[in-house]
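Structural features, examined
For reference, the chains in residue letters:
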Amino acid sequence: MDGRKFDSVIASASTLEERIAWFGALLARGGKTDIEIVGGSAIEIYLSSANYVSQDIDLVGPRDVIGPVLRKWGFRQVEGRSHRVYWFKPVLGLVDVVGVGDRSGLQPHRMETPYGPVLVSAVEPLIVRRLMRAQREEFNALYLQAVQLGRLGGLDWEYLETMAKFEGVASLLKKLRKDLKA
């Protein structure tokens, strides 16, 4: 797929979360590798862009495979404020390759798109990160996002409790569990 075809496909997505998922699937197909959407981008997919919009697309995958595909599609590298390097293309915005593998130990959710499968982060690490930020920033909207993610169900509570304790947000997790039962 060349850059023009890529732009056309991405521009045809009807929602922001669809655009992110399609991008991940196209990148996985183009690089013949697994791509996992993580962080705020995964939250956007789970909760919809009506509830949350990420400022960039966070993904996990092999940089040495991803870079050439993005370059072929017309992305260019840009340096952020903290000297972090992102990929950029106006039709999509910033792409942040945050690592080569997810370190949560949980299986990502496999999502089918018209352009093939894409992996989306397990919900539990997203919940813990929202709780951490909610506590640090004293911002209730972040806690409410954790609650919305929790309502998706099928949670690994052992993982959540272990990580919440480790990250110092066990009391917020306890509150979240209570709110989910209400």
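Everything below is about the structure shown above.
Residues numbered from 1 in each chain as written. Predicted model: local features only at pLDDT ≥ 70, side-chain atom pairs only at ≥ 80, totals over all residues. Heavy atoms only, no water.

What follows covers the pairing of strand 6 (residues 109-113). Judged from the 5 bridges that link them, strand 6 and strand 7 (residues 116-120) form a sheet pairing that is antiparallel. The residue of strand 7 that forms the bridge with Thr-113 is Gly-116. Hairpin connection from strand 6 to strand 7: 2 residues lie between these consecutive antiparallel strands. (Pairing = 2+ DSSP bridges. Helix = DSSP H or I, 4+ residues; strand = E, 2+ residues; numbered from the N terminus.)

With respect to the helices and strands, the residue Thr-113 is situated in strand 6. What makes Thr-113 buried here is its relative accessible area of 13%. Here Tyr-115 takes part through its backbone nitrogen, which lies 3.0 Å from a polar atom of the side chain of Thr-113. Among the polar contacts listed, one links the side chain of Thr-113 to the backbone oxygen of Gly-116, at a separation of 2.6 Å. Setting aside chain neighbours within four positions, we find Thr-113 in contact with Ala-21, Trp-22, Ala-25 and Val-118. (Buried < 20%, exposed > 50% of the residue type's maximum accessible area, 1.4 Å probe, protein only. Polar contact = N/O pair within 3.5 Å; in protein donor to acceptor, adjacent residues only side chain to side chain. Contact = heavy atoms within 4.5 Å.)

By the burial criterion, the buried members of helix 7 (residues 157-167) are Trp-157, Tyr-159, Leu-160 and Ala-164. On an axial view of helix 7, the arc spanned by its buried residues comes to 150°, and they lie on one face. Exposed residues pointing more than 90 degrees away from the buried face of helix 7 are listed as Glu-158, Lys-165 and Phe-166. Among the residues of helix 7, the N-terminal cap falls to Asp-156, whose side-chain oxygen and the backbone nitrogen of Glu-158 are separated by 3.2 Å. A positive phi of about 75° marks Gly-168, the residue just after helix 7. (Arc of directions from axis to C-beta.)

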